[in-house]
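# A closer look at the structure
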Amino acid sequence: MRLSVSNIRDYFWCPRSLWLKANGIKTPNVNYSVGRQFHALIHGVTNTIFSVYKQQLPGKIVDMEVTLSTDDLIGRIDILRLIEQDGERIYIIQDEKFKDPPKVGRVYPEDKVQIDAYAYLAEQNGYKPVSGLILYNDLIPREVKPAPERIPEIIKRIKGVLSSQNLPPIELSERDKYRNSHDPREKCQYCYYYSLCQILPPRGGITMREILSLRFSKGAQALKEQLTKTLEEVLE
């Protein structure tokens, strides 16, 4: 089983949402029906600003939109830039232009682990030494020191989640632990699977077949009707 870097980001957000996505529960497209032209304009302007800004960063571009892989991981890195600062070093430039910088800490944990994963791929493919730069919408480059050595263990844990036939429980994710959150549901309102998770067992333990057949609802007609409606919205 070869994972993507996106799988690692999803796992850090919530292992349960990763499992649902991997088992065919789709995430809806963002609806821009209201103010669509405005959003498209802002998107275009922001892209232009960041494109110009990234060209002004020191060093020279080694590669752009390069796909790197190992036996167990694959990912596409936007920009690899060679910067001479106390010796030559390859920088992974991670563009998060539509995100506000975090209020706690320098970078978000899911962004940091993405840098770690890219660094793991880069080093496995002959790019070293490697560092990372994350750009949020305040245009301040945040240098991070990658920890590629932790990626193999994370990959192992994710494979455990994806190979399981049972829905994971709602529990503290890596993202929650970073924020010192004591409630794993605190982030749920921002999740595409919120409405579905509200009517699935919090402790998990059921299979996708049981979800689709509604067996676990034990004859509760109102729950069956709500689940059927929700599944129709999120399944192809």
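What comes next is a walk through the structure. What you see is a predicted model; the values in this text were computed from it and never measured. Here the residue numbers are simple positions, counted from 1 along each chain's written sequence. Local features in this predicted model are restricted to residues of pLDDT 70 or higher, and side-chain atom pairs are both shown and tallied only at a pLDDT of 80 or more, whereas totals for entire chains, interfaces and linings draw on every residue. Excluded from the side-chain calculations are hydrogens and water; all other atoms, namely the structure's heavy atoms, are used.

## Focus: unusual backbone geometry
Leaving glycine aside, a negative phi is the common case for residues, and trans is the common case for peptide bonds. Residue Pro 129 follows Lys 128 across a cis peptide bond; omega there is -5 degrees. The helix count covers DSSP runs of H or I at least four residues long, the strand count covers runs of E at least two residues long, and both are numbered beginning at the N terminus. Along the chain, Pro 129 falls in the loop between helix H4 (109-124) and strand E5 (130-135). The phi dihedral of Leu 139 is positive, around 65 degrees, even though this residue is not glycine. Structurally, Leu 139 is set in the loop between E5 and strand E6 (141-144). Each residue gets one of three labels from its accessible area relative to the maximum for its type: buried under 20%, exposed over 50%, partly exposed in between, using a 1.4 Å probe on protein chains only. Under the relative-accessibility criterion, Leu 139 is labelled partly exposed at 30%.

## Overview of the pairing of strand E4 (residues 88-95)
When a strand is regular, its side chains alternate between the sheet's two faces. Within E4, 6 of the 8 residues are buried, which leaves it mostly tucked inside the rest of the structure. Here a strand pair is declared whenever DSSP counts at least two bridges between the two strands. With 6 bridges joining them, E4 and E5 adopt parallel strand pairing. Each residue of the ladder has a partner; that of Ile 92, found in E5, is Gly 132.

## Section: the packing of aromatic side chains
Pairing of aromatic side chains requires ring centres within 6.5 Å, counting the rings of Phe and Tyr and the six-membered ring of Trp. Pairs whose planes differ by under 30 degrees are stacked, by over 60 edge-to-face, and all others tilted. Enumeration according to the criterion identifies 2 aromatic pairs in this entry. With a centroid separation of 6.3 Å and 65 degrees between ring planes, the pair formed by Tyr 11 and Phe 12 is classed as edge-to-face. Since its relative accessible area comes to 9%, Tyr 11 is described here as buried. Between Tyr 108 and Tyr 136 the ring centres are 5.6 Å apart and the planes differ by 90 degrees, which places this aromatic pair in the edge-to-face class.

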